[in-house]
Amino acid sequence: MKIKIFLLGVLALLTCGWSGARAASSTAEVRSLELTGTRRGARLVLDLSRSTSHELFTLDKPRRVVVDLRNAELAKGVRVPQGQGIVREIRTGTQPGRTLRVVLDVEASVEPRARWENGARGGRRLVVELGDAASLARNDATSAQSAASAAAAPRKEPQPIRAVHAPRDTNRDVVIAIDAGHGGKDPGAIGRGGTREKDVALAIARALAERINDAPGMRAVLTRDGDYYISHRERIRRARAANADMFISVHADSIRNRDVSGASVYILSLDGASSEAARWLAERENAADLIGGVSLSDKDDVLASVLLDLSQSAAISASMAAAERVLRALRDVGEVRKPQVQQAGFLVLKSPDIPSLLIETAYISNPGDEKRLSTSAHQRKLAEAIFKGIRGYFEEHPPPGTRFAQARRANLAGVVAGTTTP
Ligand SMILES: [Zn+2]
């Protein structure tokens, strides 16, 4: 994990405009919009009742930054702030499919970034930053001071002040990409009783996403949130676009022998890894950067293959550590088919830099397993077990810049200082 941490720590994280959905289908309320702007940058903070999927993009002529929030609406009486600094004006509107659109007219072309944070009253907060964020940090400090001296900011929450050279994304959530296997034209395995793997996988994936989104410091992204087909490469692409710290693919196994039952957990095999490395190297001119922003396209052959190799072996050992925890937790909710973590060349596990697990939750071909798999009580139990395994892993191996990392540092400091019992 040293190398992984090094890659993540030294190089800036990729930013992206795609984020996953929460499993619940109720509408997210935008409770407030706050704009801070300077001549060089701006930050828009949207306080929501819960997280929802968002899209962030820019348009030209005139220059605009657009934030689309799916399944969201403005709460009654919410005031849309006036333009400030680089932002000339903010408008909101509703798009088809209950999508709330927030449009910022901007003075200059800027690169927007967005991240989710925990918000007020158990809600979630989408922070959109444009242009130079460092200019905002200074501005925050000034406005916090003037607000304090004026003492005229009722109900306004203190804004975190970010030092100019503070590590980026401190306190960020650990992002888990949850991949419900199969979907659409691909039903996966089908049990004797007619239960389809794609439905069970989606139900467990949604339950897991809900559990993760309820946990402080964690956020789930679903690669699919409906009954449609997506390719394996697209599943991986969506996880990468969300800067996922871990990828969990949920399945249910099938075998001719109907007596076979129980769960198994897979990670990528070394054979699978080396064939994938060959593909990345061959296509590295157009390949995406590794997580952590390491580009392979500008490296010579040897360096590129060394970097890829380091990244892959770190990802595989991280996958193994997480898989062992998940397997142990699954043992508590039912039968485990194979007591060891299995390794295979499944395509969906092949991200060279994201620890990835494939979980066969049970055998849909076994009548007992099929019956259990189709009840929501058992689906939730499985989700809870997977969640426990993942959370345990991140408590022990927190990615830099996350709340888990902060909590661990605080814990260790407390133990050393003797303020808490070890
Ligand atoms: Zn499957």
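Figured I'd write up the structure that's included with this text. (Residues numbered from 1 in each chain as written. Predicted model: local features only at pLDDT ≥ 70, side-chain atom pairs only at ≥ 80, totals over all residues. Heavy atoms only, no water.)

Here we look at the coordination of the zinc ion
Summarising the metal site, the zinc ion is bound by the protein donors His 182 (NE2), Glu 197 (OE) and His 251 (ND1), whose distances to it range over 2.0 to 2.1 Å. In primary sequence terms, the donor set of the zinc ion follows H-x14-E-x53-H. Highlighted residues: His 182 in the loop between strand 10 (174–180) and helix 3 (197–214) and Glu 197 in helix 3, separated in sequence by 15 residues. For the residue pair His 182 and Glu 197, the accessibility class agrees, reading buried in each case. (Donors = N, O, S within 2.8 Å, 3.2 Å for Na, K, Ca; no water. Helix = DSSP H or I, 4+ residues; strand = E, 2+ residues; numbered from the N terminus. Buried < 20%, exposed > 50% of the residue type's maximum accessible area, 1.4 Å probe, protein only.)

Quick word on the sheet that holds strand 5 (residues 72–74)
What the five strands build is an open sheet, ordered 5-1-2-9-8; its pairing is mixed. At either end of the open sheet lies a strand with only one pairing partner, and these are strand 5 and strand 8 (112–118). Ignoring strand direction, the axes of neighbouring strands in this sheet form an average angle of 30°. Sheet topology note: the strand 1 (residues 28–37)/strand 2 (residues 41–48) ladder contains seven bridges and is antiparallel. Each bridged residue has a counterpart across the sheet, and for Leu 33 the counterpart in strand 2 is Leu 46. (Pairing = 2+ DSSP bridges. Axes fitted to C-alpha atoms, helices over the stretch in contact; angles between N-to-C directions.)

Topic: the pattern of salt bridges
Tallying each qualifying case throughout the model produces 22 salt bridges. We note a salt bridge from Arg 233 to Glu 276, for which the minimum N-O separation is 3.0 Å. Taken together, the residues span a long stretch of sequence, with Arg 233 in helix 4 (residues 232–241) and Glu 276 in helix 5 (residues 270–282) at a distance of 43 residues. (Salt bridge = Lys/Arg side-chain N within 4 Å of Asp/Glu carboxyl O.)

Some remarks on helix 3
Over its 18 residues, helix 3 runs 26 Å from end to end, which matches the ideal 26 Å to within 8%, given 1.5 Å per residue. Residues of helix 3 that are buried include every one of Glu 197, Lys 198, Val 200, Ala 201, Leu 202, Ile 204, Ala 205, Ala 207, Leu 208, Ala 209, Ile 212 and Asn 213, and no others. Next to the buried residues of helix 3 lie strand 10, strand 11 (218–222), strand 12 (246–253), strand 15 (356–363), helix 7 (367–373) and helix 8 (376–396). (Expected span 1.5 Å × (residues − 1). Contact = heavy atoms within 4.5 Å.)

Considering the pairing of strand 1
Here strand 1 pairs with strand 5 via three bridges, running parallel. Paired with Val 30 across the two strands is Leu 74, which belongs to strand 5. The loop that links strand 1 with its antiparallel partner strand 2 comprises three residues.

As for empty space enclosed by the protein
For the structure on display, the rule yields one cavity of 30 Å³ or more. Taken as a whole, the largest cavity encloses approximately 80 Å³ of empty space. Leu 268, Ala 315, Ile 316, Leu 349 and Ser 351 are, among the 14 residues lining the largest cavity, the residues nearest its centre. For the lining of the largest cavity, the secondary-structure elements that each account for two or more residues are strand 13 (264–268) and helix 6 (301–333). Broken down by class, the residue content of the lining of the largest cavity amounts to nine nonpolar, four polar and one charged. (1 Å grid on protein atoms, 1.4 Å probe; cavity = no way out; pocket = protein on both sides within 12 Å on 5 of 7 lines; lining within 4 Å. Points joined across faces, edges and corners; volume = space filled by probe spheres on them. Nonpolar A, V, L, I, M, F, W, Y, C, P; charged D, E, K, R; others polar.)

Description of the packing of helix 5 against helix 6
Across the interface, helix 5 lies against helix 6 with an axial gap of 10 Å and an inter-helix angle of 145°. Classified by chirality, the crossing of helix 6 by helix 5 is right-handed. From helix 5, Leu 270, Ala 273, Glu 276, Ala 277, Trp 280 and Leu 281 reach across to helix 6, where they touch Ala 304, Ser 305, Leu 308, Gln 312 and Ile 316. Here the residues of the contact of helix 5 with helix 6 are counted per class, giving eight nonpolar, two polar and one charged. (Left-handed = near helix turned anticlockwise from the far one by under 90°.)

Some details on the environment of Gly 193
Looking at the element boundaries, Gly 193 is found in the loop between strand 10 and helix 3. For Gly 193, a relative accessible area of 65% puts it in the exposed group. Residues Gly 193 and Ser 365 lie 172 residues apart in sequence; the distance between their C-alpha atoms is 9.1 Å.

Considering the sheet that holds strand 14 (residues 342–344)
Working definition: the strands of a sheet are paired by backbone hydrogen bonds and lie parallel or antiparallel to each other. Reading across the sheet, the six strands line up as 11-10-12-15-13-14 and stay open at both edges, with mixed pairing between neighbours. Pairing within the sheet leaves two strands with one partner each, and these edge strands are strand 11 and strand 14. Pairs of neighbouring strands in the sheet enclose a mean axial angle of 30°, with direction left out of account. Judged from the five bridges that link them, strand 10 and strand 12 form a sheet pairing that is parallel. Paired with Ala 180 across the two strands is Val 250, which belongs to strand 12.

Some remarks on the side chain of His 378
Mapped onto the elements, His 378 comes out in helix 8. Beyond its immediate sequence surroundings of up to four residues, His 378 is in contact with Val 333, Arg 372 and Leu 373.

What about the nonpolar core?
Nonpolar side chains tend to gather and get buried jointly when the protein is soluble and globular. Formed by 64 residues in total, the largest nonpolar core has its most connected members in Ile 176, Ile 178, Ile 248, Leu 330 and Ile 390. Contributing elements (two or more residues each) for this core: strand 10, helix 3, strand 11, strand 12, strand 13, helix 6, strand 15 and helix 8. Among the elements that make up this core, the one with the highest residue count is helix 3 (nine residues). Sequence-distant contacts of Ile 248, that is, excluding residues within four places in its chain, are made with Ile 176, Ala 177, Ile 178, Asp 179, Leu 208, Leu 357, Ile 359, Ile 386 and Ile 390. By size, the runner-up hydrophobic cluster in this structure holds 28 residues, among which are Leu 33, Leu 56, Val 102 and Leu 126. (Core = buried A, V, L, I, M, F, W, Y, C linked by side-chain atoms within 4.5 Å.)

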